[in-house]
Amino acid sequence: PPFPKIKKIIRENTFTVLEVECLIRLFHSLVERANVRLNNFGLDRNAFRAILHSVFGMTDDMLMNRVFFAFDKDNDNCINAKEWVKGLSVFLRGTFEEKLKFCFEVYYLNGDGYISQEEIFDMLKNSLHQQSSEEETDEGIRELVDITLKKMDYDNDGKISFADFEKAVKEDKLLLEVFGPCLPEAKVECQQLKLVKGTF
Amino acid sequence: TRTLEITPLNEVILKEIAMFVESFIYKHPQEAKYVFVEPLEWKTNLDPSAFESGYIVSETTVKSEEVDKDGQPLLFLSVPHIKIRSLGQLSRLLLIAKDRKSCNKNPGLDYNTVKEDTSTVNILDKITKDEDPESEIKMKVGMLLKQLDLYLLNHSLKRISLQICLNPTTVKNHIELLKHFSGKGEQTVLESIDYTSDYEFSNGCRAPPWRQIHGEICYVLVKPHDVETLCVTCSTEGVFLNEDEGEINYERKSEIYKDLVTFFKRKIGKIFRKYDIRFTEEWKKENEEPKEVPKKEEADALPKAFLASSKNILEKNQINFGKIQMTKRLEPTLNWKATVDFKKNTQEKKHGGRLGRSGPPVSPGRAQLVRKSAEKIEEILSDSSSENEEDEEPPDRRQEANADLPSEYWQIQKLVKYLKGGNQTATVIALRSMKDFNLAQETCQLAIRDVGGLEVLINLLDTDEVKCKIGSLKILKEISHNPQIRRNIVDLGGLPVMVNILDSPHKSLKCLAAETIANVAKFRRARRAVRHHGGITKLVALLDCAQSSAKPAQSSLYDARDVEVARCGALALWSCSKSNANKEAIRQAGGIPLLAHLLKTSHENMLIPVVGTLQECASEENYRAAIKAERIIENLVKNLNSENEQLQEQCAMAIYQCAEDKETRDLVRLHGGLKPLASLLNNTDNKERLAAVTGAIWKCSISKENATKFREYEAIETLVGLLTDQPEEVLVNVVGALGECCQEYENRVLVRKCGGLQPLVNLLVGINQTLLVNVTKAVGACAVEPESMMIIDRLDGVRLLWSLLKNPHPDVKASAAWALCPCIQNAKDAGEMVRCFVGGLEFIVNLLKSDNKEVLASVCAAITNIAKDQENLAAITDLGVVPLLSKLANTNNDKLRRHLAEAISRCCMWGRNRVAFGEYKAVAPLVRYLKSNDANVHRATAQALYQLSEDADNCITIHENGAVKTTASLKREFLGYSKF
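Here is what the cut-offs are and how they apply
Residues numbered from 1 in each chain as written. Chains lettered and ligands numbered in written order. Predicted model: local features only at pLDDT ≥ 70, side-chain atom pairs only at ≥ 80, totals over all residues. Heavy atoms only, no water. Helix = DSSP H or I, 4+ residues; strand = E, 2+ residues; numbered from the N terminus. Buried < 20%, exposed > 50% of the residue type's maximum accessible area, 1.4 Å probe, protein only. Contact = heavy atoms within 4.5 Å. Areas by Shrake-Rupley, 256 points an atom, 1.4 Å probe, with all protein chains shown as cover. Pairing = 2+ DSSP bridges. Axes fitted to C-alpha atoms, helices over the stretch in contact; angles between N-to-C directions. Buried area = accessible area lost by both parts, 1.4 Å probe. Salt bridge = Lys/Arg side-chain N within 4 Å of Asp/Glu carboxyl O. Polar contact = N/O pair within 3.5 Å; in protein donor to acceptor, adjacent residues only side chain to side chain. Nonpolar A, V, L, I, M, F, W, Y, C, P; charged D, E, K, R; others polar. UniProt positions renumbered as here; feature names shortened; annotations may be inferred. Phe/Tyr/Trp six-rings, centres within 6.5 Å; stacked < 30°, edge-to-face > 60°. Expected span 1.5 Å × (residues − 1). Left-handed = near helix turned anticlockwise from the far one by under 90°. Lys, Arg positive; Asp, Glu negative; His and termini not counted. Core = buried A, V, L, I, M, F, W, Y, C linked by side-chain atoms within 4.5 Å. Domains from an automatic or database assignment. Parallel < 35°, antiparallel > 145°, perpendicular 65-115°, else oblique.

Take the overall build of chain A next. Assigned secondary structure in chain A consists of 10 helices and two strands. Traced from its N-terminal end to its C-terminal end, chain A shows the element sequence α-α-α-α-α-α-β-α-α-β-α-α. Within chain A, buried positions represent 46% of all 200 residues. The contacts of chain A with a sequence gap of at least 6 include a subset with a gap of at least 24, amounting to 59%. Only carbon and sulfur atoms are counted for the fraction: they give 52% of the accessible area of chain A, which is about 10400 Å².

Shown next, in the form of C-alpha cells:
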C-alpha cells in the first residue's frame, strides 16, 4: 500500500480497503489541485470549503467553517489524510449515532460541550428572508431560537447539552440538522457513495 | 352613486323615468315648481349653447331665470357640473337634452337618472319629517314619486318574470332527471351526466364560492352518445358550455341556453333527438310541477299570493339597483372564503392578522329605500314562505376575525409566516414546532388552513428539500383527517404533488405521501384526481416493495421499511378502491397478485388495508374471479381466526362479497371458514364486525351443505337470538341467513323451536326495503312447514305479508307474493283465510298490471294458489283475472311464462274461462312457450294447453300454431307430466 498508515485508517472506518485507497488518492489529487504549502500537508479551510461546496452542495459559509472545524480533529487548521477519511466515513457511511455526534460537534463551536442560546442565534441569523424591517427579522429569529430551545432544552438550563440533543433527535430525526445542513443531502450521499466505490 | 350597468331591464326603467320626468311639467305644473331642499347634482356633457329662452347663458355657465325664494337659480350649469332644484327644471332639461340628442346621449342620461333616483327618495324622507305651509304640494310630489316607484316595480316584475332564473333546486332536479335517463344503450338520452364536484354547499350550489358570486351553481360533465364529454356550467342565468379538455374552464364557450335540455337540443341536436317520449313527458312534468303549486295558492288566497310575488320583485329590484341585474344573487357560502383570499394574497409577503370577510354586498342607499317603501306591503304579509333557499346562510365554521381566537391560532399564524419567509432550516424548525400542536383538534386544523398554511405546506412538497417535504407531509397527514381540509387540499392541487412523491427513492417520504393520500382520498373527486394523475399505478408499485425485499441478502432493517411502504400503499389503495374506476385501474396495474402475495404476510397492520382493498374491490365480477383464482379465500379464512377485530371484519366482508359464487362458498367451507364465522356470531358488541360476519353467513348459507354445517355449529340458534335489538345492517343479514337456512327442513324446525317465528313476523312491519325482502323470504321459507304456518297465521303474518303487496318497492312486492304462496298452500282453511282480507283479492289481481316481471311472476304464482279454492277462483274471475292473464301471454321471460301458464291452467277450472282465454288470444302465445329451453315452462305450458284444449276452438288454435313437431312433443309431455 502506498501509505503506511492506511491499515490503521481502515481499522477506524467503515470503508473497504479499496474505498479507502480511492479516497486517499482523491485526497491527494485535491491537495495538489489546491496547491497548498508542503510543510502542512493537507487541505486548508478555503480548499475544504470549495470541496464542500462543489461536491456536497453546501452553501452556507458559516456552516462550512463549522464543518471544517469538526473535520479538523487536531485543530491545526488543516485537514490531513486521516482526518479526511475519518470525516468522510461519517459523512457518507456514518451510523445514526455517529452523525448525531458529528452534527452536535458542528453546532457547538466554542468547545464547552453545549450549544448556547447565542450560538443558536448566530446559526439561525440568516434563516429568515429579510422582513420589512431588521427588528422584525431579528424578532423572528429570536422566536425560532425560543422554539428550538423549548423543544430541545430538556433540562431547562438555557443551553443544549449533548444529552438534550440526542434525546430530541431520537424523538424526531428531522431535528438532526436543526441548525442548518451540515451533512450531505440524501441524494448527494448516494452519488458520492458511487464515486467512492468506482470512478476514482 | 355609480353608474348602473346597461342592461335591457335597466334601460327600460331608465326610459320610464325619463318619460315620467319629461311629462311632469305638463301634467303637474304646480308640483313641478316645488323646490328641493338639496339640489340634484351630476356631471353632464350638455353644452350651454343648448339652453335658450328662460335661461341666462354664458360661455361656460347657465342659470335659469326661475329662482327660489332666496333668489337662487333652480338650474345652474357650470360645465360640466349641473345642479337642479325642481322637477320642472329637470323636466325642461330633459326636453332640451332630447332635442340635442347628438350631444347628450346615454351616459349623460344614465348619470342623470341614477342621481335623480337617490335624491328623489331623499326628498321623500324629508317630506315626511317637515311640517310647513308647502307640505301639501310636497305630499303630492311625494305621492307622485311613489306612484312612479310602484309603477316601475310592477313593470320590472313583468319583465323579470320573463327572465329565466335557474336556481340550485331546479338545476338539481333537471340533472337528476337526466341521470335517470342516462346510461349505455339506445334507450337513453345521454351516456352519462355527472357533477364535477361531490360537495354540495348548504345553499345547494356545487360551484366554488368565488364562482357562486357570478351566479354559477354547478358544473356537470356530460357524455352524450358518440360525442366527446362536454363540460357544462349551470348558472342562474342559464346553461352554457365551458369545456377545456376535461378540466373546468370558467370561460363561457357557447351561448347561454335557458335550461339543460334546451342546451342539449341546440348544442348536440342530432344525438339528443334519440331521447324517448317518456323522457319528454317526465321533463314536462318536472317543469310544470312547480308552477302548479303556486297556482293552487293563488286560488286560495289571491291577494296574498300577489303580495308575495310583488315582495319578491321588490327584493329582486334591490339587487337590480345595486349591482347585479336580472336574477337573484346566490349567496356564496363562505366555507372556502379565506382559502380564496389567501390564494390571491400569496404574492404579498405580509398579510395582516385579520381575515378579510366581506359580507354580502350591500346595495347602496337606494335598495334600503326601496325596502322602506315596501315595508307596508311586508307588514301585510304574515309570513310568506321563503322559497328562496339561496337565502340561507350556510353554517360558517370559520372563526370571525374579531372573535376571541384561541391562542393556537396566532402561534400557528406566526409559524406559517416563518414557513413562507424562511430558508430550509427555519422551515424545518417551524414545521417541527407546528407538529407539536394538537393537530387532531379541529381548531388547529382550521387555523392552519385559515392563515394560508395549507398552501405553503403543499408548495413545500414541490421543492427539492427532503426534510421540508417530510415535515410538511407529517402535518398534512394529521390534518387531512378533517373532511373540510381534505377538500381544501384537493382544491389546492395537493394530490398530483403527493402522487409524484410516490416515485421518490426516499422510503419514509413515500410512506408519508401514501398515508396522506389514504386520508385525502375519502371522497370521489379526490379519488378521481389520484387516478387521473397516475396515482393508482404508483400505489400498486409500492405494494411490490415487500416482494422484492423478500429475497434474501437484504438486511432485516430494510425489510421492515419496505413492509411499511407496502402497508402505506395498501392503505391508500383501500381509500381509492371505493371508486369503481379505481378498482379497475388497480386490477389493470397488476394489483391483485400483489395483494394476494401481501395477504400471506402475518403483519396485522398490513393485512387490514390489504383485505380492505380486496373486500372493496370484490364488488366487481373480475375481482371475484381473480380472488378465487389467486387462492385468496384460503387466506381470508385464515385471518378470520386473527385476534384483530378489524381484520376479522374485513375478511368477513370480503367473504360476504365473494360468496355469491357457488365455488367460493364451497371453498370457504373446505378451508374451514364456517366454524370461525359461526363462533364470531357470539360476540355482538362490535356491530360493524357483526354485520360483516352475519353477511358472510348469509351468503355462505345459500349452499345447502353450508346451511347444514351452520346448524352443526349451532349458528341457527344464535341467529334467531340476533333477531331483536340489532341495528338494521345486522338484521338484514341475519334474516337473510335465516331465509337461506330455512330452505332446509331441519333448520325450519329449529327456527320454530327456538321461537324465531315471532320476531320474524314482527319484522314484517319495518320500512327498510332490503330487510323486508329478506324477512318475507324467511317467513315464506318457514311457511312451508304446516306446523310453522299455524304459528305464522296465529301471529297474523299472512295479513302482514298481504299488506306488503302494497309496498311501493317492486322487490318487496314480489318477495311478499312469493311468500304468500306457501302460506296459502299450507294454511288449514286457506280459502276462508284469503277471503277474509277485505279487498285483498281485487288488489292482488290488479297487481297483474305491474310492469315488473318478477312481480308478475310472483303474483301469477300466488293466483295459482288462490285459485285452488273454487269460491276464490270464482271471485277472481269476476275481478277480470282472465283478460289480465291473457294480456301477459306475450313474454319471453321464462320465469313469468312458467307461473303464468300455471295460473292459466288453474283458472281454466271455472265456468267458461277456457273459452274466455281463447277469446282473449292467450292460446297462440302459449303454444310458442314450448320452444323455450326451460323444462319447467314446458311442463306448466303442457298442463295449461291440456286444460285449454277441452274447448274445441282452442284446439284449432293450438293446431294452427303448433307445428307437427311441437304437437308430437306436446303429446310426450302430456304423457310425461300429466301424471304429476
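Still more ground to cover, so stick around.
What follows concerns the sheet that holds strand 4 (residues 75-78) of chain B. Residue and element names in this part refer to chain B. Reading across from one edge, 1-5-4-3-2 is the order of the five strands in this open sheet, with antiparallel pairing throughout. The sheet is open, and its two borders are formed by strand 1 (35-43) and strand 2 (55-57), each paired with just one other strand. Recorded for the sheet is a direction-independent mean angle of 10° between the axes of neighbouring strands. Bridge analysis of strand 1 against strand 5 (residues 81-86) gives five bridges, and the strand direction is antiparallel. Within strand 5, the position partnered with Lys 43 by the bridge is His 81.

Residues other than glycine seldom take positive phi values, yet Asn 77 of chain A does so here, at roughly 60°. Tracing the sequence through the fold places Asn 77 of chain A in the loop between helix 4 (61-71) and helix 5 (81-93). The class for Asn 77 of chain A is partly exposed, based on a relative accessible area of 45%. One non-glycine residue with positive phi stands out, namely Arg 631 of chain B, at about 55°. Its location among the elements puts Arg 631 of chain B in the loop between helix 28 (621-629) and helix 29 (632-640).

Attention shifts here to the interface of chain A and chain B. On the side of chain B, 24 residues touch chain A, which itself brings 25 residues to the contact. When chain A packs against chain B, the two sides together hide about 2100 Å² of surface, and 60% of this comes from carbon and sulfur. The partner of Glu 143 of chain A in a salt bridge is Lys 414 of chain B, and the shortest N-O contact between them spans 3.5 Å. In this structure, the connection of chain A to chain B is made through five residue pairs in polar contact (both at pLDDT 80 or more). Looking at side-chain class alone, the side of chain A that touches chain B contains 10 nonpolar, seven polar and eight charged residues.

Take the UniProt feature "domain: EF-hand" (unreviewed entry) in chain A next. Residues and elements named next belong to chain A. According to UniProt, the positions carrying the feature "domain: EF-hand" (unreviewed entry) are residues 59-94, 95-130 and 140-175. Helix makes up 67% of residues 59-94 and strand makes up 0%, while its end C-alpha atoms are separated by 21 Å. Secondary structure content for residues 140-175 is 64% helix and 8% strand, and the end C-alpha separation is 19 Å.

The next thing to look at is the environment of Leu 152 of chain B. All names here are of chain B. Note on placement: Leu 152 falls in helix 5 (residues 135-162). We classify Leu 152 as buried; its relative accessible area is 5%. Residues Leu 152 and Ile 17 lie 135 residues apart in sequence; the distance between their C-alpha atoms is 8.3 Å. Among all residues touching Leu 152, those that are not within four sequence positions of it are Ile 13, Glu 16 and Ile 17.

What follows deals with the packing of aromatic side chains. All names here are of chain A. Under the criterion given, the structure shown has 17 aromatic pairs over all chains. Note on Phe 71 and Phe 102: the rings are 6.0 Å apart at their centroids and 80° apart in plane angle, and the pair reads as edge-to-face. Of this pair, Phe 71 sits in helix 4 while Phe 102 sits in helix 6 (residues 96-107), placing them 31 residues apart in sequence. Accessibility assignment for this pair places Phe 71 and Phe 102 in one class, buried.

As recorded in UniProt, the feature "coiled-coil region" (unreviewed entry) lies at residues 626-657 of chain B. For residues 626-657 of chain B, helix accounts for 81% and strand for 0%, while the C-alpha atoms at its two ends are 13 Å apart.

All names here are of chain B. Scanning the entire structure with this criterion turns up 46 salt bridges over all chains. Of the charged contacts in the structure, one is a salt bridge between Glu 515 and Lys 477, with a shortest N-O distance of 3.5 Å. Placement of Glu 515 in helix 21 (residues 507-520) and of Lys 477 in helix 18 (residues 466-479) is noted, with a sequence separation of 38 residues between them. By relative accessible area, which is 13% here, Glu 515 ends up buried. For Glu 787, the salt bridge is made with Arg 752, and the minimal N-O distance between the two is 3.5 Å.

With that settled, consider helix 15 (residues 424-435) of chain B. Residues and elements named next belong to chain B. When the terminal C-alpha atoms of helix 15 are compared, their 16 Å separation across 12 residues agrees well with the 16 Å that a helix rising 1.5 Å per residue should span. The buried fraction of helix 15 is high, at 11 of 12 residues. Backbone nitrogen of Thr 425 and a side-chain oxygen of the N-cap are separated by 3.0 Å at the start of helix 15; the cap is Asn 423.

Residues and elements named next belong to chain A. The contact between helix 5 and helix 6 brings their axes to 9 Å, and the two run at 115°. Helix-helix and strand crossings are classified by hand; for helix 5 and helix 6 the assignment is left-handed. Between helix 5, through Val 90, Phe 91 and Arg 93, and helix 6, the contact on the second element is made entirely by Glu 98, Lys 99 and Phe 102. In the contact of helix 5 with helix 6, the residues fall into three nonpolar, no polar and three charged.

We now examine helix 14 (residues 407-421) of chain B. In a regular helix each residue adds 1.5 Å, so 15 residues correspond to 21 Å; helix 14 of chain B covers 22 Å between its end C-alpha atoms and thus fits that length. Among all positions of helix 14 of chain B, only Tyr 409, Ile 412, Gln 413, Leu 415, Val 416, Tyr 418, Leu 419 and Gly 421 of chain B are buried. Looking at the packing, one finds that the buried side of helix 14 of chain B touches helix 8 (134-152) of chain A together with helix 15, helix 16 (442-450) and helix 17 (453-461) of chain B.

All names here are of chain A. Mapped onto the elements of the fold, Asp 153 is located in the loop between helix 8 and strand 2 (159-161). With no salt bridge to any partner, buried Asp 153 finds its closest opposite charge in Lys 159, at an N-O distance of 9.2 Å. A polar atom in the side chain of Asp 153 sits 3.1 Å from the backbone nitrogen of Asn 156. In this structure Asp 153 touches Thr 148, Gly 158, Lys 159 and Asp 164, once residues within four positions along its chain are discounted.

What follows covers the sheet that holds strand 8 (residues 230-235) of chain B. Strand pairing in a sheet relies on backbone hydrogen bonds. The paired strands run either parallel or antiparallel. Residues and elements named next belong to chain B. The sheet built from four strands is open, its strands ordered 6-7-8-9 with antiparallel pairing. On the outer flanks of this sheet lie strand 6 (192-195) and strand 9 (238-241), each paired with one strand and no other. Between one strand and the next, the sheet's axes are offset by a mean angle of 25°, whatever the strand orientation. Sheet topology note: the strand 6/strand 7 (residues 216-223) ladder contains four bridges and is antiparallel. Its bridge partner being in strand 7, Ile 193 is matched across the sheet by Val 222. Where helix 6 (residues 168-180) meets the sheet, it contacts strand 6, strand 7 and strand 8, and its direction lies at approximately 145° from that of strand 6.

All names here are of chain A. Tracing the backbone through its elements, the reader meets Glu 166 in helix 9 (residues 162-171). Through-space distance from the C-alpha of Glu 166 to that of Lys 101 is 8.4 Å; in sequence the pair is 65 residues apart. Look past the residues within four positions of Glu 166 in its chain and what remains in contact with it is Glu 97 and Leu 100.

Membership of the largest hydrophobic core comes to 269 residues, with the highest contact counts inside it found for Trp 84, Phe 91, Tyr 107 and Phe 165 of chain A. Mapped onto the domain boundaries, this core takes at least three residues apiece from domain 1 (4-94 + 184-196) and domain 2 (100-177) of chain A. Aside from chain neighbours lying at most four places away, what touches Tyr 107 of chain A is Leu 63, Arg 66, Ile 115, Glu 119, Met 123, Phe 165, Leu 176, Glu 177, Val 178, Phe 179, Gly 180 and Cys 182 of chain A. Counting 33 residues, the second largest nonpolar core, distinct from the first, contains Ile 17, Leu 40, Leu 77 and Ile 96 of chain B.

Once that is clear, we can look at the side chain of Asn 639 of chain B. Residues and elements named next belong to chain B. Following the sequence through the fold, Asn 639 ends up in helix 29. Residue Asn 639 is classed as buried on the basis of its relative accessible area, which comes to 6%. Asn 639 has contacts with Leu 599, Leu 607, Leu 647, Gln 648 and Cys 651, leaving out every residue within four places of it along the chain.

This part takes up the packing of helix 16 of chain B against helix 19 (residues 483-491) of chain B. All names here are of chain B. Between helix 16 and helix 19, the least distance of the axes is 10 Å, while the angle of their chain directions is 20°. It follows from the interaxial angle that helix 16 and helix 19 lie roughly parallel. Where helix 16 crosses over helix 19, the handedness of that crossing is left-handed. From helix 16, Glu 442, Gln 445, Leu 446 and Arg 449 reach across to helix 19, where they touch Gln 484, Ile 485 and Asn 488. The residue inventory of the contact of helix 16 with helix 19, partitioned by class, reads two nonpolar, three polar and two charged.

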